[in-house]
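So you can see what is in the structure, the chains are spelled out below.
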Amino acid sequence: MEEVQQQPIQSVGEDGEKEMMSNGSSMTHETQQDDEPEIVMEGSSFVHGGASEDDKGPPKVDSQVEVLHEKVTKQIIKEGHGVKPSKYSTCFLHYKAWTESTQHKFEDTWQELQLVELVLGKEKKEMAGLAIGLSSMKSGERAVLHVGWELGYGEEGNFSFPNVPPKADIIYEVELIGFDETKEGKARSDMTVEERISAADRRRMDGNSLFKEEKSEEAMQQYEMAIAYMNDDFMFQLYGKYQDMALGVKNPCHLNIAACLIKLKRYEEAIAQCAIVLAEDQNNVKALFRRGKARSELGQTDAAREDFLKARKFAPEDKAILKELRVLDEDDKIVLSETKGAL
């Protein structure tokens, strides 16, 4: 394997500040500078990344039915942006799948927290209908697809995982997170370690540019695609320099997703993103700070204070951390005063 020089990787913090990191280790500089804006908590629309609210069956959609193929129709739930993928594009997506006759859900990739990769034109036979739908979608688009059994699991169905009965028409709820245009249709599994890390880092940098432009939806899509290159199976095989390089891309993406989620008031999801980083680096200052921020917004003041105090150990002069601790102390005084007044 060819030797690769590891360069410092630039990341964007929750408030748009820049930091230089060569791996996934803790950061002990200030989380937020005096002249930089704080996290804004209001005014955000729904972005991708979560399952639909009604998980009892396929979503009910009133939008126009598009006939993509005699066996495939589409209804848009949420519009996307940009261009559509072409043949051999590597698509990154989430989906749920139900059998149309029984409404039995047999697959849900959102629950696995891992994006699915599909190369158009090289998909498995049972994914042919899904691929037709994807080829009509734009990045960020979410839609319902109705696929005939001929372009799904066929006449015999599938009796392993997923379990699909014979001649089962399928309903998909699918979201195209994004795609890579590659003439040769090179999948992640065919890339070298260096190629995968480099591809992920390009996505991370694209996400940072969008983040600074306050395009949260598009930024999160780029971060998720970057993380898709760094899945668990891939990370498990790495050690030493290559593990550090991969974490230097992966961890900032999780932290920036957490920052976006806090802006969107999706605090539980932000906590989950921070937990992924803290599992690798339990003293990561930004992960502790952002988890503390999310916990504070949820009213989990004791847990939030614990996170902020631990972060302060590694960044004792950080003004953002000190500010959050003062806010919690002031809130405690107000609660105590109200309690005494009630007595």
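Residues numbered from 1 in each chain as written. Predicted model: local features only at pLDDT ≥ 70, side-chain atom pairs only at ≥ 80, totals over all residues. Heavy atoms only, no water.

For the protein, an unreviewed UniProt entry supplies the name peptidylprolyl isomerase and the organism Lactuca virosa. For the protein, the Catalytic activity (unreviewed entry) comment in UniProt is given as "[protein]-peptidylproline (omega=180) = [protein]-peptidylproline (omega=0)". (UniProt positions renumbered as here; feature names shortened; annotations may be inferred.)

*Asks:* What's the story with the overall build of the protein in this structure? I'm lost.
*Replies:* In terms of regular secondary structure, the protein is built from 9 helices and 9 strands. Taken across its 343 residues, the protein has 52% of its residues classed as buried. Counting contacts in the protein only where the partners sit at least 6 residues apart, residues at least 24 apart contribute 70% of the total. Accessible area for the protein stands at about 17200 Å²; split by element, carbon and sulfur atoms hold 49% of it. (Helix = DSSP H or I, 4+ residues; strand = E, 2+ residues; numbered from the N terminus. Buried < 20%, exposed > 50% of the residue type's maximum accessible area, 1.4 Å probe, protein only. Contact = heavy atoms within 4.5 Å. Areas by Shrake-Rupley, 256 points an atom, 1.4 Å probe, with all protein chains shown as cover.)

*Asks:* Whenever I open this one, the packing of helix 3 (residues 216-228) against helix 5 (residues 240-263) confuses me. Can you help?
*Replies:* Relative placement of two packed helices is described by the angle separating their axes and the distance separating the axes. Relative orientation of the contacting elements helix 3 and helix 5 amounts to 150 degrees, with a least axis distance of 9 Å. Between helix 3 and helix 5, the interaxial angle falls into the category roughly antiparallel. The two elements helix 3 and helix 5 cross, and the hand of that crossing is left-handed. Contacts between helix 3 and helix 5 involve Ser216, Met220, Tyr223, Glu224, Ala226 and Ile227 from the former and Lys250, Cys253, His254, Asn256, Ile257, Cys260 and Leu261 from the latter. Partitioned by chemical class, the residues of the contact of helix 3 with helix 5 number 8 nonpolar, 3 polar and 2 charged. (Axes fitted to C-alpha atoms, helices over the stretch in contact; angles between N-to-C directions. Parallel < 35°, antiparallel > 145°, perpendicular 65-115°, else oblique. Left-handed = near helix turned anticlockwise from the far one by under 90°. Nonpolar A, V, L, I, M, F, W, Y, C, P; charged D, E, K, R; others polar.)

*Asks:* It is not clear to me how unusual backbone geometry should be interpreted in this structure. Could you clarify?
*Replies:* Glycine aside, the phi torsion of most residues is negative, and most peptide linkages are trans. Backbone torsion omega between phenylalanine 161 and proline 162 reads -5 degrees, so that peptide bond is classified as cis. For lysine 167, which is not glycine, the phi torsion reads 50 degrees and is therefore positive. Secondary-structure assignment places lysine 167 in the loop between strand 8 (142-147) and strand 9 (170-180). Residue classification places lysine 167 among the partly exposed positions, given a relative accessible area of 46%. If you check the backbone angles, lysine 265 has positive phi at about 60 degrees while not being a glycine. The residue lysine 265 is located in the loop between helix 5 and helix 6 (267-280) in this model.

*Asks:* How do you make sense of the pattern of salt bridges when you look at a structure like this?
*Replies:* When the charged atoms of two side chains lie near each other, side chains of opposite charge can form a pair. Counted under the stated rule, the structure contains 15 salt bridges. Two residues, aspartate 180 and arginine 203, come together in a salt bridge whose shortest N-O distance is 2.1 Å. You can see aspartate 180 sitting in strand 9 and its partner arginine 203 sitting in helix 2 (residues 193-212), a full 23 residues away along the chain. Among the ionic pairs, arginine 291 bridges to aspartate 307, the shortest N-O distance being 2.7 Å. One end of the pair, arginine 291, is in helix 7 (residues 285-297); the other, aspartate 307, is in helix 8 (residues 301-314), and 16 residues separate them in sequence. (Salt bridge = Lys/Arg side-chain N within 4 Å of Asp/Glu carboxyl O.)

*Asks:* Mind showing me how you'd approach the nonpolar core here?
*Replies:* Across soluble globular proteins, nonpolar side chains show a tendency to be buried alongside one another. One finds Ile197, Met230 and Ile321 to be the most contacted residues of the largest nonpolar core, which totals 55 residues. Only helix 2, helix 3, helix 4 (232-236), helix 5, helix 6, helix 7, helix 8 and helix 9 (319-342) provide two or more residues apiece to this core. Ranked by residue count, the leading element in this core is helix 5, at 13 residues. Ranked by size, the runner-up nonpolar core spans 26 residues in total, among them Cys91, Phe106, Leu134 and Leu145. (Core = buried A, V, L, I, M, F, W, Y, C linked by side-chain atoms within 4.5 Å.)

*Asks:* Sorry if this is basic, but what is going on with the side chain of histidine 254 here?
*Replies:* Structurally, histidine 254 can be placed in helix 5. In this structure histidine 254 comes out as buried when scored by relative accessible area, which is 4%. One polar contact links histidine 254 to glutamine 273, side chain to side chain, over a distance of 2.7 Å. If sequence neighbours within four positions are ignored, histidine 254 has contacts with Ile227, Gln273, Ile276 and Val277. (Polar contact = N/O pair within 3.5 Å; in protein donor to acceptor, adjacent residues only side chain to side chain.)

*Asks:* What is the right way to read helix 5 from this model?
*Replies:* Side chains three or four residues apart in an α-helix point the same way, a direct result of the helix having 3.6 residues per turn. Taking 1.5 Å per residue as the helical rise, helix 5 with its 24 residues ought to reach 34 Å, and the 35 Å between its terminal C-alpha atoms agrees with that figure. The axis of helix 5 is deflected most strongly, by about 25 degrees, at leucine 247. One or two steps after helix 5, the chain reaches lysine 265, where phi turns positive at roughly 60 degrees. (Expected span 1.5 Å × (residues − 1). Bend = angle between axes of the 7 residues up to and from the residue.)

*Asks:* I tried to follow helix 3 on my own but got confused; where do I start?
*Replies:* Under the 1.5 Å per step criterion, the end-to-end length of helix 3 is 18 Å for 13 residues, consistent within 8% with the ideal 18 Å. Here helix 3 lies mainly inside the structure; 11 of its 13 residues are buried. Within the span of helix 3, buried status applies to Glu217, Ala219, Met220, Gln221, Gln222, Tyr223, Glu224, Met225, Ala226, Ile227 and Ala228. Summarising the contacts, the buried residues of helix 3 are in contact with strand 4 (72-78), strand 5 (90-99), strand 9, helix 2 and helix 5.

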